[in-house]
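For reference, the chains in residue letters:
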Amino acid sequence: MSKLTKKQKALMWTILIVALVQMPNLALSPAIDTIQTKAFPDRTLAEIQTVISSLNLVSLIMSVIAAFLINKGVISKKFAVAFGLFVLFLTGAFAAVFHSAYWCFVLMNVLLGVATGFYMTNNFGLLFDNFEEEPRQAITGYQTSFINGGGVLFGVAGGLAAARLWYGGYLLFLIGLPIMALVLITVPGKKTPARRATGEKRAPIHSGVFYYAAVVLVFMAVYCVCGTNISTHISAYLGDKNGAAVAGVASALQMGGGAFAGIFYGKLSTKLKDKIMALACLAIFVGFMLLALFPRTFVMTLLGVFIAGMSMSMMLPHCTFRVSQLVDESTSATGTLIATSVAPSFGAFISPVVFTNLTQALSPDSTVFRFAFVGALALVFGAILFALASRREKMGRA
């Protein structure tokens, strides 16, 4: 890290600062119960959850468009990140002016999806393209801590803001403007060549990218059950007095767990290799079971979300780093798109569509059953990942 030039250090800090706003949904999850019960009581919980999760679907589509334009040499990753941050700012500005109707709520999430689709994936791309493997691995760990740290800030601030205004969490996105200015100043603006040589085809995407993308997709579908249900869970079992603020603290602790685990990510990843993904699933299982078994105990609720949150800094940075080893500059835009945008965005989008509706059918209005059911699935998924990692290690030794 000490060998980095001044420009590289400035770029590193810019990437880390952008990482602070990589989890904007954490500013919204504390308000879900308030939005459903007070702002739009004629809408069901599943509808509100789906609208907020729809930003992930929009993000997926926008990230595909951004990658296409980058691969064609039309725009640079610098432009994509800066544009996304500007739309993030516009989301906050729109919420400040238009928030009285349901369509405004829907459009806020569409704008947020456009924003994240452009800047989230390509912020990883800036890291892949501008740093060698050794500093890249270290910065990946730092980036994870900053993502979780930003999530902590968004969770607390979003909960406090939602306690006053149901759309208060969206106002936090006004911060996109100054971060955009920093990107314009420090990030190199080179474009990915439209073609490496006349008639030469791009290298194919390594099959391993799709494996880690599939893991991330399933993981995010499971992980997001916590964020989309914690405010409803707290209101149902701990009382709805200052429910949004308490849910904000819980969301912050969820990300705090990720920040805590991020401290040990480097050593754990080096020692466990792909088995760290199974450990991430175990953390979700333990956290969700605490939420299910002790729903009326405030301390155990907070401990549950903290442990579940630890999984984020085990799973995502490991998959991201492994993908970075499987792409080069010509394939990084597409590979990064698949693993850090398409997979997590689609996983987060289908999370309430699948798990809320499924558990509602099996046990109506019971977040306790929902956490227990999804926690058990996480344990099974972790066992499968452990078996696959063990098999690959044996094959490697052979």
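Residues numbered from 1 in each chain as written. Predicted model: local features only at pLDDT ≥ 70, side-chain atom pairs only at ≥ 80, totals over all residues. Heavy atoms only, no water.

## Some points on the overall build of the chain
Within the chain one finds 15 helices and zero strands. The globule rule puts the C-alpha radius of gyration for 398 residues at 21 Å, and the 20 Å found for the chain is close to it. Each principal axis of the C-alpha atoms in the chain carries an extent, and together these give about 60 × 55 × 40 Å. Of the contacts made within the chain by residues no fewer than 6 positions apart, 84% connect residues no fewer than 24 positions apart. Carbon and sulfur atoms make up 69% of the accessible area of the chain, which amounts to about 16300 Å² in all. Put simply, the chain has 29 plus and 14 minus side-chain charges, and the middle of one group is 6 Å from the middle of the other. (Helix = DSSP H or I, 4+ residues; strand = E, 2+ residues; numbered from the N terminus. Rg over C-alpha atoms; globule rule 2.2 N^0.38 Å. Contact = heavy atoms within 4.5 Å. Areas by Shrake-Rupley, 256 points an atom, 1.4 Å probe, with all protein chains shown as cover. Lys, Arg positive; Asp, Glu negative; His and termini not counted. Charge placed at Lys NZ, Arg CZ, Asp CG, Glu CD.)

## Let's talk about the environment of S313
Along the chain, the position of S313 falls in helix α13 (residues 312-324). The buried category is assigned to S313, whose relative accessible area is 1%. Leaving out residues up to four positions away in the same chain, S313 has contacts with T144, N148, G258, A259, A261, G262 and Y265. (Buried < 20%, exposed > 50% of the residue type's maximum accessible area, 1.4 Å probe, protein only.)

## Examining empty space enclosed by the protein
Inspection of every chain in the model, using the stated rule, returns two cavities of 30 Å³ or more. When its volume is computed, the largest cavity comes out at roughly 620 Å³. Looking at the largest cavity, it is lined by 40 residues, and the ones nearest its centre are Q22, M23, N25, M120 and M220. If you list the elements that add at least two residues to the lining of the largest cavity, you get α3 (45-71), α5 (102-130), α6 (133-164), α9 (207-238), α13 and α14 (332-362). Classifying every residue of the lining of the largest cavity gives 21 nonpolar, 19 polar and no charged. (1 Å grid on protein atoms, 1.4 Å probe; cavity = no way out; pocket = protein on both sides within 12 Å on 5 of 7 lines; lining within 4 Å. Points joined across faces, edges and corners; volume = space filled by probe spheres on them. Nonpolar A, V, L, I, M, F, W, Y, C, P; charged D, E, K, R; others polar.)

## What about the layout of surface pockets?
One way to see where empty space is left: roll a probe the size of a water molecule over the atoms. Within this model, the largest pocket holds a volume of roughly 240 Å³. What lines the largest pocket is Q137, S269, T270, K273, D274, H318, F321, R322, Q325, A389, R392 and E393. Where the lining of the largest pocket is concerned, the elements lending two or more residues are α10 (243-272), α13 and α15 (367-397).

## Details of the nonpolar core
I52, L85, F105, Y119, Y170, F288 and M315 are the most contacted members of the largest nonpolar core, which totals 114 residues. Considering every element that reaches this core, the biggest residue donor is α9, with 16 residues. (Core = buried A, V, L, I, M, F, W, Y, C linked by side-chain atoms within 4.5 Å.)

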